[in-house]
Amino acid sequence: MRTIRNGLVLALGITMTALGATACGGGGDETPAAAGPNEHVDLTLATFTEFGYEALIPEYERLHPNIKITHRKTGQGGPYHQDLITKLAAGSGLADVTAVEEGHLSDVLDKGSKFNDLSKIGPADASPDRWLGWKYDAAKTKDGKVIGYGTDIGPLAMCYRKDMFAAAGLPTDPEQVKPLFASWDSYFAAGADYVSKTKGKAWFDSAAQNFNAMVNQLPQGYIGTDDKLAVEGNQGIKDAWTKVTDAVAKGESAKLTAFSNEWNSGFKQGAFATKVCPAWMLGVIKEQAGPENSGKWAVTAAFPGGGGNWGGSYLTVPTQSKHPKEAAELAAWLTAPEQQIKAFQAKGTFPSQVKALTDPALLSQTDAYFGNAKVGELFAEQAKKVQKPQYKGPGDGQIQENASSPALQAVEQGKSAADGWQQLVDSAKKITR
């Protein structure tokens, strides 16, 4: 997310059926020769939502006069990944450099033959120690092939409306509000208090947004490491379901579907007081809440349960590419520390590069919209709390988007928590059967 990076349009993963044996542009072990230094090369780059590459592309073209880049930018992550899977199966149509969101990564990892091994064709400076270890390892196939260079990550913090907190008699300083966000129990308890004091105003935007963050924090999510469905027997998921649906019953949810028109408008209208905030969400809030709400939002280096990661993507080079060497060099350059910092400054996509996390250019980054918060330092601190992201097997993204979210929306519209849980289980089984 965006879905998730878009938060939650972010995941509309589709379990793939067997694909053809050979993609256009050669097999996984046979790559076309690199172009000569002066030979003109046309490359295509496909991304979704906001990667922050608008200024970087012309910079790369200036540094490489023989290369012309066409950027295919899609607005939402769900349709983008559906199209990716269709073109992957067809064996043609994918960009030379194709972005893949982490929630969909599992749907392509077992199709490693359709992607170039970047550890073999990529430049020498794109070494594993460039990235956070868990970020790099997540893009490895079971046989050790590296199919993606990590772009951003989504360390979690909490955003809130200072003016709405003040009106309810709650603290407003980022340090003083941290105890409210110490655990999910304290968060939902503060929400119940807020609803009472404001005579029914919502504490958070949607049950699904909180539930997704809670599930991402668990050692095991919807799919086990054996790639089998693990919902019914996962006590952590059941406990998260109970906490979220109890909060819904207490009136804490604004009952808005993430990235819907109503959800977008909710930021401007002050429809909710708090928001789970991976780093990329700052850009979403600024865009949707608008300049009239600048200074009303704040972000704090706290998150219920200690933190976690939500979102982040990879740049891959499909074997369909006719210029895999040049494509790998472009992907490596875009994900280098210097460029990741520039992308963060442009769109809030937080770096996954080790060097970037200690760079003064990142740590000194502030955001006037959030009261001049030191967002670079804040999210670097939150990123350190992420040890090992949860394994996401095939179908994980689709369960999040097409099973858990609709089930929670049904509860928000009046269905009982027990019936909603059964809806989640039944839908997940259909997706993974």
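Residues numbered from 1 in each chain as written. Predicted model: local features only at pLDDT ≥ 70, side-chain atom pairs only at ≥ 80, totals over all residues. Heavy atoms only, no water.

- As recorded in an unreviewed UniProt entry, the chain goes by ABC transporter substrate-binding protein and comes from Amycolatopsis heterodermiae.

Looking at the overall build of the chain
Phase 1: Helices and strands together make up the secondary structure of the chain, namely 18 helices and 8 strands.
Phase 2: Considering only C-alpha atoms, the chain reaches an extent of 70 × 50 × 35 Å along its principal axes.
Phase 3: Put simply, the chain has 433 residues, and 58% of those count as buried.
Phase 4: Of the roughly 16700 Å² of accessible surface on the chain, 51% is carried by carbon and sulfur atoms.
Phase 5: Computed over 44 positive and 47 negative side-chain charges, the inter-centroid distance for the chain is 3 Å. (Helix = DSSP H or I, 4+ residues; strand = E, 2+ residues; numbered from the N terminus. Buried < 20%, exposed > 50% of the residue type's maximum accessible area, 1.4 Å probe, protein only. Areas by Shrake-Rupley, 256 points an atom, 1.4 Å probe, with all protein chains shown as cover. Lys, Arg positive; Asp, Glu negative; His and termini not counted. Charge placed at Lys NZ, Arg CZ, Asp CG, Glu CD.)

Topic: the packing of helix 11 (residues 261-269) against helix 12 (residues 281-289)
Phase 1: Between helix 11 and helix 12, the shortest axis-to-axis distance is 8 Å and the interhelical angle comes to 75 degrees. Between helix 11 and helix 12, the crossing angle belongs to the class labelled roughly perpendicular. In this structure, helix 11 contributes Trp 263, Asn 264, Phe 267 and Lys 268 to the contact, and helix 12 contributes Met 281, Val 284, Ile 285, Glu 287, Gln 288 and Ala 289.
Phase 2: Broken down by class, the residue content of the contact of helix 11 with helix 12 amounts to 6 nonpolar, 2 polar and 2 charged. (Axes fitted to C-alpha atoms, helices over the stretch in contact; angles between N-to-C directions. Parallel < 35°, antiparallel > 145°, perpendicular 65-115°, else oblique. Contact = heavy atoms within 4.5 Å. Nonpolar A, V, L, I, M, F, W, Y, C, P; charged D, E, K, R; others polar.)

Some remarks on the packing of helix 9 (residues 207-216) against helix 10 (residues 235-249)
Phase 1: Direction vectors running N to C along helix 9 and helix 10 enclose 155 degrees, while the axes themselves pass 10 Å from each other. The pairing of helix 9 with helix 10 is recorded here as roughly antiparallel in orientation. Where helix 9 crosses over helix 10, the two elements pack in a sense that is right-handed. Here helix 9 contributes Ala 207, Phe 211, Met 214 and Val 215 to the contact with helix 10, which in turn contributes Ile 237, Ala 240, Trp 241, Lys 243, Val 244 and Val 248. (Left-handed = near helix turned anticlockwise from the far one by under 90°.)

Comments concerning unusual backbone geometry
Phase 1: If you check the backbone angles, Thr 49 has positive phi at about 45 degrees while not being a glycine.
Phase 2: By relative accessible area, which is 8% here, Thr 49 ends up buried.
Phase 3: Positive phi values are uncommon outside glycine, yet Lys 199 reaches one of about 55 degrees.
Phase 4: Tracing the backbone shows Lys 199 in the loop between helix 8 (184-197) and helix 9.

Here's the deal with the state of the cysteines
Phase 1: Under the criterion given, the structure shown has 1 disulfide.
Phase 2: In this model Cys 159 forms its disulfide with Cys 277; the gap between the sulfur atoms is 2.1 Å. Torsion about the S-S bond of the Cys 159 and Cys 277 cystine: about -95 degrees, corresponding to left-handed handedness. Here the residue Cys 159 occupies a position in strand 4 (residues 149-161), and Cys 277 occupies one in strand 5 (residues 274-278), the gap between them amounting to 118 residues.
Phase 3: Judged by its relative accessible area of 0%, Cys 277 falls in the buried class. (Disulfide = S-S within 2.5 Å.)

So, helix 16 (residues 375-383)
Phase 1: Counting buried residues in helix 16 gives 7 out of 9 residues, a clear majority hidden from the surface.
Phase 2: The complete set of buried residues in helix 16 reads Val 375, Gly 376, Leu 378, Phe 379, Ala 380, Gln 382 and Ala 383.

Things to note about the confidence of the model for the chain
Do not read the predicted coordinates in detail wherever pLDDT is low.
Phase 1: Mean pLDDT over the chain works out to 90, with 92% of the residues at or above the 70 mark.
Phase 2: Between residues 1-29, whose pLDDT stays under 50, and residues either more than four places distant or in other chains, the model counts 130 contacts. (pLDDT = per-residue confidence, 0-100.)

A short note on the pattern of salt bridges
Phase 1: Applying the stated criterion across every chain, the model contains 17 salt bridges.
Phase 2: Among the salt bridges present, the one from Asp 205 reaches Lys 275, with a minimum N-O distance of 3.4 Å. Taken together, the residues Asp 205 in the loop between helix 8 and helix 9 and Lys 275 in strand 5 connect sequence positions 70 residues apart.
Phase 3: According to the relative accessible area criterion, Asp 205 is buried, its value standing at 1%.
Phase 4: What makes Lys 275 buried here is its relative accessible area of 0%.
Phase 5: Several salt bridges converge on common partners, so that one network encompasses Glu 50, Glu 54, Lys 73 and Lys 347. (Salt bridge = Lys/Arg side-chain N within 4 Å of Asp/Glu carboxyl O.)

Some details on the nonpolar core
Phase 1: Grouped together as the largest cluster of nonpolar side chains are 86 residues, with contacts concentrated most on Phe 181, Trp 203, Ile 285, Val 299 and Phe 350.
Phase 2: Dropping the residues within four chain positions of it, Phe 181 is found in contact with Met 158, Tyr 160, Phe 165, Ser 186, Tyr 187, Trp 203, Thr 274, Thr 300, Ala 302, Phe 303 and Pro 304.
Phase 3: Listed in part, the 43 residues of the second largest apolar core include Tyr 60, Tyr 80, Leu 118 and Trp 131. (Core = buried A, V, L, I, M, F, W, Y, C linked by side-chain atoms within 4.5 Å.)

Overview of the layout of surface pockets
Phase 1: In this structure, the largest pocket spans a volume of roughly 1000 Å³.
Phase 2: Residue lining of the largest pocket: 41 residues in total, with Ala 138, Pro 389, Gln 390, Tyr 391 and Lys 392 positioned closest to the centre.
Phase 3: Those elements giving two or more residues to the lining of the largest pocket turn out to be helix 4 (106-109), helix 6 (133-137) and strand 7 (309-316).
Phase 4: Residues of the lining of the largest pocket, tallied by class, amount to 12 nonpolar, 17 polar and 12 charged. (1 Å grid on protein atoms, 1.4 Å probe; cavity = no way out; pocket = protein on both sides within 12 Å on 5 of 7 lines; lining within 4 Å. Points joined across faces, edges and corners; volume = space filled by probe spheres on them.)

Describing the environment of Val 108
Phase 1: Checked against the element boundaries, Val 108 lands in helix 4.
Phase 2: The exposure class of Val 108 is buried, given its relative accessible area of 2%.
Phase 3: Between the C-alpha atom of Val 108 and that of Ile 237, which follows or precedes it by 129 residues, the distance is 25 Å.

Structural notes on the pairing of strand 4
Phase 1: The buried fraction of strand 4 is high, at 13 of 13 residues.
Phase 2: In this structure, strand 4 lies alongside strand 7, joined through 4 bridges in antiparallel fashion. Directly across from Gly 150, in strand 7, lies its bridge partner Tyr 314.
Phase 3: Judged from the 2 bridges that link them, strand 4 and strand 8 (residues 350-351) form a sheet pairing that is antiparallel. Of the residues in strand 8, the one forming a bridge with Ile 153 is Phe 350. (Pairing = 2+ DSSP bridges.)

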